[in-house]
Amino acid sequence: VLERQLLEMPEADHHVGHLHAGVVDVVLHARLAAPVAVGAAFLAWLTFWTNLKVRRAEWLSRLYESFYVRPELKAVRAALDYEGEANRELFRCLESDPENAKILEPLVDYLNFFEFIAVLSEMDQLSDREIRLMFGYYLAGIGNSPGIIRFCEKGGFRNLLRLLKRTGYVPKHR
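The notes below deal with the structure included here. (Residues numbered from 1 in each chain as written. Predicted model: local features only at pLDDT ≥ 70, side-chain atom pairs only at ≥ 80, totals over all residues. Heavy atoms only, no water.)

Moving on, we come to the overall build of the chain. Looking only at helices and strands, one finds eight helices and zero strands in the chain. Going from N to C terminus, the chain has its helices and strands arranged as α-α-α-α-α-α-α-α. A separation threshold of at least 6 residues defines the contact pool for the chain, and within that pool the share at least 24 residues apart is 67%. When the accessible surface of the chain is split by element, carbon and sulfur atoms take 61% of a total near 11900 Å². (Helix = DSSP H or I, 4+ residues; strand = E, 2+ residues; numbered from the N terminus. Contact = heavy atoms within 4.5 Å. Areas by Shrake-Rupley, 256 points an atom, 1.4 Å probe, with all protein chains shown as cover.)

Written out as structure tokens, the structure reads:
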């Protein structure tokens, strides 16, 4: 129906008065141009939105990889995930040797990564849902560790602490 209305041309009334014939052509073409312009604008918007989603997915993938591939973060994840010497040494330093940079500096890098995630969240660049899906397990580990929470409080990881509370990874020991 729309196509018929757009393409249907009324029979010309050759009496155009004082109008120039070009004006009549412009009026007839305008009837076609507006719907074509609206369609083109919609296609441009759709292309833009699709490209935006693809770029965002690529960005999220790089963010995910930066956490799961970086060796210094892998070492901290392993120390936190598995009982063993690295785990015991890390928690011993948290409690009794907070100046041990060799052991604690990788933990600071790990926490700085999540501080960065928290800042992205506060800037509305990452949703809490995305954060939970990609990093929930590790945020829960931080939130459930009284020693790490104390370290965050002393170390000024305010954004991370707010993120833990907002996303439901509130320390259970409090």
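With the rule as written, the count across this model stands at 15 aromatic pairs. With centroids separated by 5.5 Å and ring planes inclined at 75 degrees, the aromatic side chains of F113 and F135 adopt a geometry described as edge-to-face. Here the residue F113 occupies a position in helix α5 (residues 101–122), and F135 occupies one in helix α6 (residues 128–143), the gap between them amounting to 22 residues. For the pair shown, F113 and F135 are each scored as buried. Put simply, the rings of Y64, F67, Y68, Y110, F113, F114, F135, Y137 and Y138 touch in pairs and so form one group of aromatic residues. (Phe/Tyr/Trp six-rings, centres within 6.5 Å; stacked < 30°, edge-to-face > 60°. Buried < 20%, exposed > 50% of the residue type's maximum accessible area, 1.4 Å probe, protein only.)

Tracing the chain through its elements places R77 in helix α3 (residues 71–81). One buried charged side chain, R77, makes no salt bridge at all; its nearest oppositely charged neighbour is D81, positioned 5.5 Å away. At 2.7 Å, the side chain of R77 and the backbone oxygen of F67 are in polar contact. Excluding anything up to four places from it in sequence, R77 contacts F67, Y68, Y110 and Y138. (Lys, Arg positive; Asp, Glu negative; His and termini not counted. Salt bridge = Lys/Arg side-chain N within 4 Å of Asp/Glu carboxyl O. Polar contact = N/O pair within 3.5 Å; in protein donor to acceptor, adjacent residues only side chain to side chain.)

Formed by 37 residues in total, the largest nonpolar core has its most connected members in Y110, L111, F114 and F135. Put simply, the parts of the chain that give this core at least two residues each are α2 (21–69), α3, α4 (85–96), α5, α6, α7 (146–155) and α8 (158–166). Broken down by element, the residue count for this core peaks at 10 residues, all from α5. Leave out the neighbours within four places in its chain, and Y110 touches F67, L73, V76, R77, L80, Y138 and I142. (Core = buried A, V, L, I, M, F, W, Y, C linked by side-chain atoms within 4.5 Å.)

The subject of this paragraph is the pattern of salt bridges. A full pass over the atoms with the stated rule returns seven salt bridges. Across the pair R92 and E89 runs a salt bridge whose closest N-O atoms are separated by 2.7 Å. With a gap of three residues between them, R92 and E89 both fall in helix α4, about one helical turn apart. The class of E89 is partly exposed, set by a relative accessible area of 22%.

Between its terminal C-alpha atoms α4 stretches 16 Å, which fits the 16 Å expected from 12 residues at 1.5 Å a residue. Summarising the contacts, the buried residues of α4 are in contact with α3, α5 and α7. (Expected span 1.5 Å × (residues − 1).)

The subject of this paragraph is α3. Along α3, the residues classified as buried are L73, V76, R77 and A79. In an axial view of α3, the angular spread of the buried residues amounts to 165 degrees, which keeps them on one side of the axis. (Arc of directions from axis to C-beta.)

Just geometry here; none of it tells us what the structure is for.
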